[in-house]
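# Topology and contacts: notes
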Amino acid sequence: MVDVATIPAGPRIRAWADSNHVDPWLAARLWQIADEPRFLEGLLRRPPRYLRANPLREDPDTTRRRLAARDFELASTDLDPLVWRVRRAPHSTGATPEHLMGRTTPQDLASASAPLALGAQPGDVVADMAAAPGVKTVHVAGDMADAGALVCAEPSPDRARALRFNLERCGVTSATVHDAPAQDLPGEAWADRVLLDAPCTGEGTMPRDRARRRGSRQDVARMAGLQSTLMDAADRILRPGGVLVYATCTFAPEENEAQVQRMVERGYRIEDLPFDRCGGEPLRPGRTEWPGLELDPGMGRTRRFLPGVHGTLGFFVARLRKEDA
Amino acid sequence: MRRLREGEGAALFSGLDAWGNGVAHKVIADRVPMVDDDGLVSLVSPALARLAPSGLLGATAGLVVGSLRDGAFVLGIQGAVRAGPHARSGVVRVSDKASALWLYGRNILPDSVMDHDHRLRPGDACIVTDPRHDVIGVGEVVGTFKGRREVVRPLHDLGSYLRDQDA
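What you see is a predicted model; the values in this text were computed from it and never measured.

## Some words on the sheet that holds strand β5 (residues 63-69) of chain B
Residue and element names in this part refer to chain B. An order of β1-β2-β3-β5-β6 is seen for the five strands of this open sheet, with the pairing classed as antiparallel. Each edge of the open sheet is held by one strand with a lone partner, namely β1 (2-3) and β6 (72-75). Alignment of strand β2 (residues 32-35) against strand β3 (residues 40-44), held across four bridges, turns out to be antiparallel. Note that in β3 the partner of Met34 across the bridge is Ser42. Sheet strands in contact with helix α1 (residues 6-17) are β1, β2, β3, β5 and β6, and its direction is about 45° off that of β6.

Listed below in structure tokens is the structure:
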């Protein structure tokens, strides 16, 4: 069981927490993550909206022209050329014919980083261990030109339904869905790449979900336990020399860097990510120090997205390489 | 899920080629057709199909394009999306206004039809497109294209991806 740190909350932090209805215990940890005014303000403000084009359905330039003809104003982003910021929308992007035809999907920009980090290629066998609702799954399928094999796991019936809807809507032929927890996926060493966008405390979604302003040591510890179980399963199914991308939408180092550290201690190497900026700002390197954790210096190769700084929800992403046999 | 048996494969090919010669090859391309216990036919990437013996195929795999019913292939919504650009028969193209209503599950009236296959008769299935020839669903002809009453009712429309996602 991971030891979840309590950071002392001084008067400035308490005042900020009190005026913004944030749990003081959580507030102190957030200030320790990044004591930047833009970050702290960004936690309390809805982020920009984005959507991603699906090249499996249509040339993205054509899709963008179609949306422009419907009076959508879209701006390019520096992280992913297929993710556009929605500057103006006459109505919900989810209600356009383009969405129904699978040509676009709403997606926060930061979450596109996980498939980008994975770098899936045509012919790969990829495990998507917490796949629902399938936005990243569709992204990975597109990277493989729908010419690989995506093995997805989702234990919740409602979320599996959403996953299947998105895969079908987007025309994916290369994915299969297991109605089971990812740790129940059978076999060993069959995946070339594993994507684990793990269930987490979701602190990074605070800008759009006020409920995330409450947090507890127990929640962090519980999710860290689940994440460790999933990482063990990822290790089992990933072949030697394969790539594991671990991501969450939370800030807690016990759920992020600590999980990566467990794999480093098994011989995994932390690799550089194929991107370093978002919203014109450098991404923040992962923590190499945190109370209660012994962290490898290579943790600096992992990256954090900060609301208010990068124009996204909060996100953590790490790319790991399993030792060759 | 399993690969199609010979008779099932023949039904799939003839069912797709009913929309135009060569449609089956265009729709299936290099994908592997597979079928589940409920008769749903999916197209599966070759890499995914190769995983079948290993037990890595889950409850669903690939893209459902239709179903086998009483020995015949019945086109589903994604089958129509793949077949539509190549279909030479059975297509009904409707106006933008009618397309918007269709995506709410509404019927098509004759004055909304921009062009259609004149061989279509009541009871026939048809592929419905918007003015730009983008497939928006599969319908059934229920009336005459010259009258004032509904002529096509939806069997599958893309609007179900919004209406049914929380059902």
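## Observations concerning the packing of aromatic side chains
Residue and element names in this part refer to chain A. Taken as a whole and assessed by the stated rule, the structure comprises four aromatic pairs over all chains. Ring geometry for Trp16 and Trp31: centres 6.1 Å apart, planes at 65°, overall edge-to-face. Of this pair, Trp16 sits in helix α1 (residues 11-19) while Trp31 sits in helix α2 (residues 24-33), and the two are 15 residues apart along the sequence. Judged by relative accessible area, Trp31 falls into the buried class, the value being 11%. Judged by centre distance (5.3 Å) and plane angle (80°), the rings of Phe39 and Phe251 are edge-to-face. Of this pair, Phe39 sits in helix α3 (residues 37-42) while Phe251 sits in the loop between β9 (238-248) and α10 (257-264), placing them 212 residues apart in sequence. Since its relative accessible area comes to 0%, Phe39 is described here as buried.

## Concerning helix α4 (residues 60-69) of chain A
Because the α-helix completes a turn every 3.6 residues, residues three or four places apart line up on one side. Residues and elements named next belong to chain A. Among the residues of α4, Pro60, Thr63, Arg66 and Leu67 are the ones counted as buried. End-on, the buried residues of α4 take up no more than an arc of 115°, which puts them together on one face. Projecting away from the buried face of α4 at angles above 90 degrees are the exposed residues Arg65 and Ala69.

## What to know about the sheet that holds strand β7 (residues 91-94) of chain B
Strand-to-strand pairing in sheets goes through backbone hydrogen bonds, with the strands running parallel or antiparallel. All names here are of chain B. With mixed pairing, the five strands of this open sheet are ordered in space as β8-β7-β9-β10-β11. Only two strands of the sheet have a single neighbouring strand rather than two, namely β8 (113-116) and β11 (152-157). Neighbouring strand axes in the sheet, compared pairwise and without regard to direction, differ in orientation by 35° on average. Pairing of β7 with β8 involves three bridges; the strand directions are antiparallel. Residue pairing across strands places Val94 opposite Val113, the latter belonging to β8.

Criteria and cut-off values
Residues numbered from 1 in each chain as written. Chains lettered and ligands numbered in written order. Predicted model: local features only at pLDDT ≥ 70, side-chain atom pairs only at ≥ 80, totals over all residues. Heavy atoms only, no water. Pairing = 2+ DSSP bridges. Helix = DSSP H or I, 4+ residues; strand = E, 2+ residues; numbered from the N terminus. Contact = heavy atoms within 4.5 Å. Axes fitted to C-alpha atoms, helices over the stretch in contact; angles between N-to-C directions. Phe/Tyr/Trp six-rings, centres within 6.5 Å; stacked < 30°, edge-to-face > 60°. Buried < 20%, exposed > 50% of the residue type's maximum accessible area, 1.4 Å probe, protein only. Arc of directions from axis to C-beta.

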